[in-house]
Amino acid sequence: MEEEPQEEFFYCKGAATQVLKLGSFDCRPKNESKTSSKVLFLIIPGNPGIVCYYKLFMQILYKILIPKYPIWAISHAGHCVPPEGMEMMEDIELADVFGLNGQIEHKLAFLRKKVPKDTKLVLIGHSIGCHMILEMMKQEPELQVLKAILLFPTIERMAESPQGKVLTPILRNLRFLVYVPIYFLSFLPGSVKASMVRWALQSLQPLDEATVSASLNLFSVDCAANAMYMGSQEMVQVVQRDDSTIKQFLDKLIFYYGSNDHWCPVAYYEDMKKSFPGGTILLCQKGIRHAFVLDANVEIAQLVIEWLKTDLANL
């Protein structure tokens, strides 16, 4: 039986935030002395930034990770339904915390508040989480980043991608129309919502229950609106690849592109390889989809451990 992550909800920059935690919470490997290196694996999700989608990935990663360094995953601000008695917003500390730049500052504020400065970080980004990681490293170059693993990275030309061409008009101009059916669906009993999710994801067998519970957040108008609002900004702001930041931190970065990814097509991978021939820029040969958390957690976890083997051995 897999170890269950500890779940925490708190306010960060005034917005409800969920964090899942596995392992020793002082950022040292399990059963190691206080003199051992502090290392934290931190997962920055895609959009929607619902951490429970990454629960199984965390569990598998932790199971095969030796030594057992802690693994945390942080939600995007306002993308998870807070527990009863907790509002989506507290005091407004950041004017646009639900926007793309606000979400980046949200992650930096979390690190300042919750993680000791001398902690070595293994940052794992997925999709737009990869853009956030590059921005975090750019804005706070003093972060002790051991490695940043960028999975299916949406770091350029999002609106020009095949998926972006379809969704940009919806996210920019029509997303408000989507709120109405979500509002009415939100009144359905939880069991009915869960059945709807299972029906929508029936092609995934076996279907992990964490995926079902994560998807229930999308029946919240607030969560869905915050995710779509952030998405609308992604289409406008994520245009030009930040080559200067990539060049600055190239030895710390691992890029993993999909071979059939409608958000970051193979042409983006080929451009990256030409621009950074000395970088670790990889193309998936396994046919894994962009949303790998739906059915390829084992494969991606195994790759992550393989990529980090040397870095962790040298600590």
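Relevant structure appears above.
J.: Tell me what's going on with the overall build of the protein chain, and back it up with residues and numbers.
T.: Secondary structure assignment for the protein chain yields ten helices and eight strands. Against the compact-globule benchmark of 20 Å for 315 residues, the protein chain has a radius of gyration of 19 Å, which places it among compact chains. Counting only C-alpha atoms and orienting by the principal axes, one finds that the protein chain spans roughly 55 × 45 × 45 Å. The buried share of the protein chain, taken over its 315 residues, is 55%.

J.: For the nonpolar core, give the residues involved together with the corresponding values.
T.: Among the nonpolar cores identified, the biggest contains 51 residues, and Phe 110, Leu 253, Phe 255 and Tyr 257 are the most heavily contacted of them. Phe 255 has contacts with Leu 150, Pro 153, Ile 155, Ile 246, Met 272, Thr 280, Ile 281 and Leu 282, leaving out every residue within four places of it along the chain. Membership of the second largest hydrophobic core comes to 42 residues, among which are Leu 22, Tyr 69, Cys 80 and Trp 307.

J.: Could you give an account of the packing of aromatic side chains, with specific residues and numbers?
T.: Counted under the stated rule, the structure contains eleven aromatic pairs. Between the aromatic rings of Tyr 54 and Phe 292, the centroid separation amounts to 6.4 Å while the plane-to-plane angle is 70°, which identifies the pairing as edge-to-face. Here Tyr 54 is found in the loop between strand E3 (39-44) and helix H1 (55-64), whereas its partner Phe 292 is found in the loop between strand E8 (280-283) and helix H10 (297-313), with 238 residues between them in sequence. You can call Tyr 54 buried: its relative accessible area is 3%. Looking at Phe 292, the relative accessible area reads 0%, which means it is buried. Each ring, one from Trp 72 and one from Phe 110, has its centre 6.1 Å from the other, and the planes form 65°; the classification is edge-to-face. Here Trp 72, found in strand E4 (residues 71-74), pairs with Phe 110, found in helix H2 (residues 100-114); they are 38 residues apart in sequence, far enough to count as distant. With relative accessibility at 2%, the residue Trp 72 sits in the buried group. The exposure class of Phe 110 is buried, given its relative accessible area of 1%. Members of the aromatic cluster, joined through ring pairs, are Tyr 54, Phe 57, Phe 152, Tyr 256, Phe 292 and Trp 307. Over the ring of Trp 72 we find Lys 21; its NZ or CZ atom is 4.2 Å from the centre of that ring. Sitting over the ring of Tyr 62, Lys 68 keeps its end group 5.3 Å from the ring centre.

J.: Account for the sheet that holds strand E7 (residues 253-257), with residues named and values stated.
T.: Here we have eight strands laid out as an open sheet, ordered E1-E2-E4-E3-E5-E6-E7-E8, and mixed in their pairing. Strand pairing shows two members of the sheet lacking a second neighbour, strand E1 (6-12) and E8, which therefore form its edges. Along the sheet, successive strands turn relative to each other by an average axial angle of 20°, direction set aside. Looking at chain direction, E7 and E8 are connected through four bridges and run parallel. Looking at the pairing, Tyr 256 lines up with Leu 282 of E8. Contacts between H1 and the sheet are confined to strand E2 (15-22), E3, E4 and strand E5 (120-126), with E2 contributing the most and set at about 30° to the helix. Across the sheet, helix H3 (residues 128-139) is in contact with E3, E5, strand E6 (145-151) and E7; its angle to E5 comes to roughly 145°.

J.: An account of H10 is requested, with residue identities and associated values reported.
T.: Along its 17 residues, H10 runs 23 Å from first to last C-alpha, staying within 8% of the 24 Å computed at 1.5 Å per residue. Roughly 40° is the biggest bend found in H10, and it falls at Trp 307. Restricting attention to buried positions, one finds in H10 the residues Asn 297, Ile 300, Ala 301, Leu 303, Val 304, Ile 305, Trp 307, Leu 308 and Leu 312. At its buried positions, H10 is contacted by E3, H1, E5, E6, E7 and E8.

J.: I'd like a rundown of the pairing of E5, residues and numbers included.
T.: Regular strands have side chains that alternate between both faces of the sheet. Among the seven residues of E5, six are classified as buried, and the element is accordingly described as predominantly covered. Of the strand pairs in this sheet, E3 and E5 are connected by six bridges, and their pairing is parallel. The residue of E5 that forms the bridge with Phe 41 is Val 122. As paired strands, E5 and E6 are joined by six bridges and run parallel to one another. Among the inter-strand pairings, Val 122 is bridged to a residue of E6, identified as Lys 147.

J.: Describe the side chain of Lys 147, and please don't skip the residues or the numbers.
T.: Looking at where Lys 147 falls in the secondary structure, it is placed in strand E6. The class for Lys 147 is buried, based on a relative accessible area of 11%. Excluding anything up to four places from it in sequence, Lys 147 contacts Leu 121, Val 122, Leu 123, Asp 251, Lys 252, Ile 254, Leu 308 and Asp 311.

J.: Tell me about the side chain of Asn 226, residues and numbers included.
T.: Tracing the sequence through the fold places Asn 226 in helix H7 (residues 221-237). Accessibility expressed as a relative area gives 10% for Asn 226, which makes it buried. Ignoring any residue separated from it by four or fewer positions in sequence, one finds Asn 226 in contact with Gly 78, His 79, Met 88 and Phe 98.

J.: Describe in detail the environment of Asp 222, supporting the description with residues and values.
T.: Relative to the assigned elements, Asp 222 resides in helix H7. The sequence separation of Asp 222 and Ile 71 amounts to 151 residues, and the corresponding C-alpha distance is 28 Å.

What counts and what doesn't
- Numbering of residues starts from 1 in every chain and runs along the sequence as written.
- It should be noted that, the model being predicted, local features are given only for residues of pLDDT at least 70 and side-chain atom pairs only at 80 or more, the latter also being counted only at that level, while totals for whole chains, interfaces and linings use all residues.
- Hydrogens are left out, water is left out, and the side-chain values use all remaining heavy atoms of the structure.
- In this text, helices come from DSSP runs of H or I with a minimum length of four residues, and strands from runs of E with a minimum of two, each type numbered from the N-terminal end.
- We take the radius of gyration over the C-alpha atoms and set the globule estimate at 2.2 Å times the residue count to the 0.38 power.
- Burial classes follow relative accessibility: with a 1.4 Å probe on protein chains only, a residue under 20% of its type's maximum area counts as buried, one over 50% as exposed, and anything between as partly exposed.
- In plain words, nonpolar cores are sets of buried Ala, Val, Leu, Ile, Met, Phe, Trp, Tyr and Cys residues tied together by side-chain atoms within 4.5 Å.
- In what follows, residue pairs with any heavy atoms lying within 4.5 Å of each other are defined as contacts.
- Centres within 6.5 Å are what make two rings of Phe, Tyr or Trp a pair, Trp counting through its six-membered ring; a difference in plane orientation under 30 degrees is then read as stacked, over 60 as edge-to-face, and the rest as tilted.
- Placement of a positive charge over a ring is assigned whenever Lys NZ or Arg CZ falls within 6 Å of the ring centre and within 35 degrees of the normal to the ring plane.
- Two strands make a pair as long as DSSP finds a minimum of two bridges between them.
- All axes are obtained by fitting lines to C-alpha atoms, using only the stretch in contact for helices, and the reported angles, taken between N-to-C directions, cover 0 to 180 degrees.
- Multiplying one less than the number of residues by 1.5 Å gives the expected span of a helix.
- Axes are fitted to the seven residues ending at a residue and to the seven starting at it; the angle between these axes is taken as the bend at that residue.

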